[in-house]
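# Working through the structure, step by step
Chain residues, written in single-letter form:
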Amino acid sequence: MGVLTLLLCQKIKLILFHLKYVLFQNLRVKEFKLKKKPSNRSEYNFFSKISTRWNDNDIYGHMNNIVYYALFDTAVNKWLIQNDLIDIKLGKNIGLIVQSGCNYFSSFQYPEEIDAGIRVTKIGTSSVRYEVGLFHEKDEISSADGFFIHVYVDRETNTPIALNYDFKKTLDTIFVDL
């Protein structure tokens, strides 16, 4: 490279730096926390035991993130079935997940028994927000906290349905006002 080429490259970098400063000097980026604190066992009204399986471990020797989502789904649907709120084979209504998320704090692995704390934090006309804390058997703070929102729909038409009083009354038994 010649001296003129190097000088030209430095000049271009300087111009780009100044353009960036002038164009974006008033840009403010809002800071937000990506990770919240783990939940406490006392924040849940219902617990379900779930066993890890051999194939839950990944190549790194811990549970893969997709397994956590399956545990959230299993814990909530187990509760819904036990409380006669859904019939997975013949029921007219089904819950579709429209949003989900998870915060990870520590890992699980096979073999291990997990305590899944379940709570409802919002009941809408046709939707419910479920939150699940996954706990090691003797721990007071969660290893993972997840949530998902079910919108209940007619099985055949896939259109939202209003939750009836009895459904909401049963959900209220695990409702936590945060």
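For the structure, see preceding data.
Please read all numbers here as calculations on a predicted model, not as lab measurements.

### A short note on the side chain of D56
Mapped onto the elements of the fold, D56 is located in the loop between β1 (46-51) and α2 (65-82). For D56, a relative accessible area of 2% corresponds to the buried category. At 2.7 Å, the side chain of D56 forms a polar contact with the backbone nitrogen of R53.

### Considering the packing of aromatic side chains
Summed over all chains, the structure comprises 9 aromatic pairs. Seen from their ring centres, Y152 and F167 are 5.0 Å apart, and the 70° between their planes marks the pair as edge-to-face. Of the two residues, Y152 is situated in strand β5 (residues 144-154) and F167 in helix α3 (residues 165-171); the sequence distance between them amounts to 15 residues. Accessibility assignment for this pair places Y152 and F167 in one class, buried. An aromatic cluster is present here, built from Y44, F47 and F135 joined pairwise through their rings. Over the face of the ring belonging to Y44 we find R119, whose NZ or CZ atom lies 4.3 Å from the ring centre.

### Comments concerning the sheet that holds strand β2 (residues 93-104)
Ordered in space as β1-β3-β4-β5-β2, the 5 strands form an open sheet in which the pairing is antiparallel. In this open sheet, the two edge strands, each paired with only one partner strand, are β1 and β2. Averaged over all neighbouring strand pairs, the angle between strand axes comes to 30°, with direction disregarded. With 9 bridges connecting them, strand β3 (residues 113-123) and strand β4 (residues 127-136) associate as antiparallel partners. From the neighbouring strand, R119 faces β4, where its bridge partner is E131.

### Some points on the pattern of salt bridges
This model, assessed by the stated rule, comprises 8 salt bridges. In this structure, D56 and R53 form a salt bridge, with 2.7 Å as the shortest nitrogen-oxygen distance. Residue K92 is joined to D154 by a salt bridge in which the shortest nitrogen-to-oxygen separation is 3.6 Å. Separated by 62 residues along the polypeptide, K92 in the loop between α2 and β2 and D154 in strand β5 bring together distant segments of the chain. On the basis of relative accessibility, which here comes to 60%, the residue K92 falls in the exposed class. Judged by its relative accessible area of 12%, D154 falls in the buried class. Beyond isolated ion pairs, a larger network of salt bridges with shared partners links R41, K49, D115 and E137.

The rules behind each value
Residues numbered from 1 in each chain as written. Predicted model: local features only at pLDDT ≥ 70, side-chain atom pairs only at ≥ 80, totals over all residues. Heavy atoms only, no water. Helix = DSSP H or I, 4+ residues; strand = E, 2+ residues; numbered from the N terminus. Buried < 20%, exposed > 50% of the residue type's maximum accessible area, 1.4 Å probe, protein only. Polar contact = N/O pair within 3.5 Å; in protein donor to acceptor, adjacent residues only side chain to side chain. Phe/Tyr/Trp six-rings, centres within 6.5 Å; stacked < 30°, edge-to-face > 60°. Lys NZ or Arg CZ within 6 Å of the ring centre and 35° of its normal. Pairing = 2+ DSSP bridges. Axes fitted to C-alpha atoms, helices over the stretch in contact; angles between N-to-C directions. Salt bridge = Lys/Arg side-chain N within 4 Å of Asp/Glu carboxyl O.

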